[in-house]
Amino acid sequence: DTMELWKNELRRKINGNQWIDAIEFMKEIIYNNPESEDAYLNMIYLLEHVALETNAEESLQEQCMKTLPGIYRESLHKFSGNASFLFYLGYITVWCCWIYGISDEDAMRMVDKAYEMEPSNKLYRFSIYQRLQGDYSEIQKYAIDILNDRESISTIEALGPVGDYRIDCLKGWKNRPI
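Here is a short report on the structure shown in this document. (Residues numbered from 1 in each chain as written. Predicted model: local features only at pLDDT ≥ 70, side-chain atom pairs only at ≥ 80, totals over all residues. Heavy atoms only, no water.)

Each helix and strand in the protein chain was counted, giving ten helices and zero strands. Relative to the globule expectation of 16 Å for 178 residues, the C-alpha radius of gyration of the protein chain, 16 Å, shows essentially globular dimensions. Once the C-alpha set of the protein chain is aligned to its principal axes, its extents read approximately 40 × 30 × 30 Å. Residues classed as buried in the protein chain amount to 48% of the 178 residues present. Contacts in the protein chain between residues at least 24 apart in sequence constitute 60% of all its contacts with a sequence separation of at least 6. When the accessible surface of the protein chain is summed, it comes to about 9200 Å², and 50% of that surface belongs to carbon and sulfur atoms. (Helix = DSSP H or I, 4+ residues; strand = E, 2+ residues; numbered from the N terminus. Rg over C-alpha atoms; globule rule 2.2 N^0.38 Å. Buried < 20%, exposed > 50% of the residue type's maximum accessible area, 1.4 Å probe, protein only. Contact = heavy atoms within 4.5 Å. Areas by Shrake-Rupley, 256 points an atom, 1.4 Å probe, with all protein chains shown as cover.)

Okay, the nonpolar core next. Ranked by internal contacts, the top residues of the largest apolar core, which has 61 residues, are Met 26 and Leu 46. With ten residues, helix 3 (residues 37–53) is the single largest residue contributor to this core. With residues near it in sequence (within four places) discarded, Leu 46 still touches Leu 10, Ile 14, Trp 19, Ala 22, Ile 23 and Met 26. (Core = buried A, V, L, I, M, F, W, Y, C linked by side-chain atoms within 4.5 Å.)

What follows deals with a nonpolar patch on the surface. Together, Leu 52, Trp 95 and Trp 98 make up an exposed nonpolar region whose accessible area comes to about 320 Å². Tracing the chain through its elements places Trp 98 in the loop between helix 5 (83–93) and helix 6 (104–117). Its relative accessible area of 54% is what places Trp 98 among the exposed residues. (Patch = residues over 30% accessible without salt bridge, like charges linked within 9 Å, V, L, I, M, F, W, Y side chains within 5 Å. Salt bridge = Lys/Arg side-chain N within 4 Å of Asp/Glu carboxyl O.)

This part takes up the side chain of Asn 42. Along the chain, the position of Asn 42 falls in helix 3. Given the relative accessible area of 0%, Asn 42 is considered buried. A polar contact of 2.8 Å, which involves the side chain of Asn 42, links it to the backbone oxygen of Asp 38. Non-local contacts of Asn 42, meaning those with residues more than four positions away in its chain, are made with Trp 6, Leu 10, Met 26, Leu 159, Gly 160, Pro 161 and Val 162. (Polar contact = N/O pair within 3.5 Å; in protein donor to acceptor, adjacent residues only side chain to side chain.)

Inspection of the entire model under this criterion finds twelve salt bridges. Between Arg 131 and Asp 112 there is a salt bridge, and its shortest N-O distance comes to 2.4 Å. One end of the pair, Arg 131, is in helix 7 (residues 122–132); the other, Asp 112, is in helix 6, and 19 residues separate them in sequence. On the accessibility criterion, Asp 112 (24% relative accessible area) is partly exposed. Connected through salt bridges with shared partners, the residues Glu 9, Arg 12 and Lys 13 form a single ionic network.

This brings us to helix 9 (residues 150–157). For helix 9, the set of buried residues is Ser 152, Ile 153 and Ile 156. Considered in projection along helix 9, the buried side chains sweep an arc of 95 degrees and stay on one side of the axis. Away from the buried face of helix 9 by more than 90 degrees, exposed residues Arg 150, Glu 151 and Thr 155 are located. For helix 9, the elements touching its buried residues are helix 5, helix 7, helix 8 (136–147) and helix 10 (161–174). (Arc of directions from axis to C-beta.)

Among the structural elements, Ser 84 can be located in helix 5. A sequence separation of 65 residues divides Ser 84 from Trp 19, and the C-alpha atoms of the two residues are 26 Å apart. Ignoring anything within four residues of it in the chain, the contact list for Ser 84 reads Glu 37 and Tyr 124.

Let's shift gears to the packing of helix 9 against helix 10. Following both chains from N to C, one finds helix 9 and helix 10 inclined at 135 degrees, their axes separated by 7 Å at the closest point. As the angle between them shows, helix 9 and helix 10 are arranged oblique. Where helix 9 approaches helix 10, its residues Ile 153, Ile 156 and Glu 157 are matched on the opposing element by Gly 163, Asp 164, Arg 166, Ile 167 and Leu 170. Residues belonging to the contact of helix 9 with helix 10 are distributed by class as follows: four nonpolar, one polar and three charged. (Axes fitted to C-alpha atoms, helices over the stretch in contact; angles between N-to-C directions. Parallel < 35°, antiparallel > 145°, perpendicular 65-115°, else oblique. Nonpolar A, V, L, I, M, F, W, Y, C, P; charged D, E, K, R; others polar.)

Structure, rendered in structure tokens:
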């Protein structure tokens, strides 16, 4: 389906360090799919990634930083009633919340709200558990449990690059020496 196609195209552009192409591509995807929370989440993820984790030109990084607060507010306004959206938005903004003028507690409240809305979701439960649990070996077991759950992984992968990022973090827990 076309949703999958654009996500794979975005992956290709990110993997090829084609930052400007990727950003222009995502602007078009959002323009054509204004009700796609996945499009917004991937755009936010992409802009954060380019701004903070690449050696892209400084002017492009600054442009990404300037664009993020607006797209964050616009997407939150549209999708704040959706657990999946809140979870991923909280998850991808917590490490650079200063860009958005929010605190890490604000970002974590989005994750908490997602969990309140869908307490049976393993990934949301894991994120809460990860914060409250001091025992790394228990967190690792939980991460491995999610990675071994085909249904959970398919749902996360279906999000596109933002989901790939989440899976990489789970794998980080799995491979962490305890």
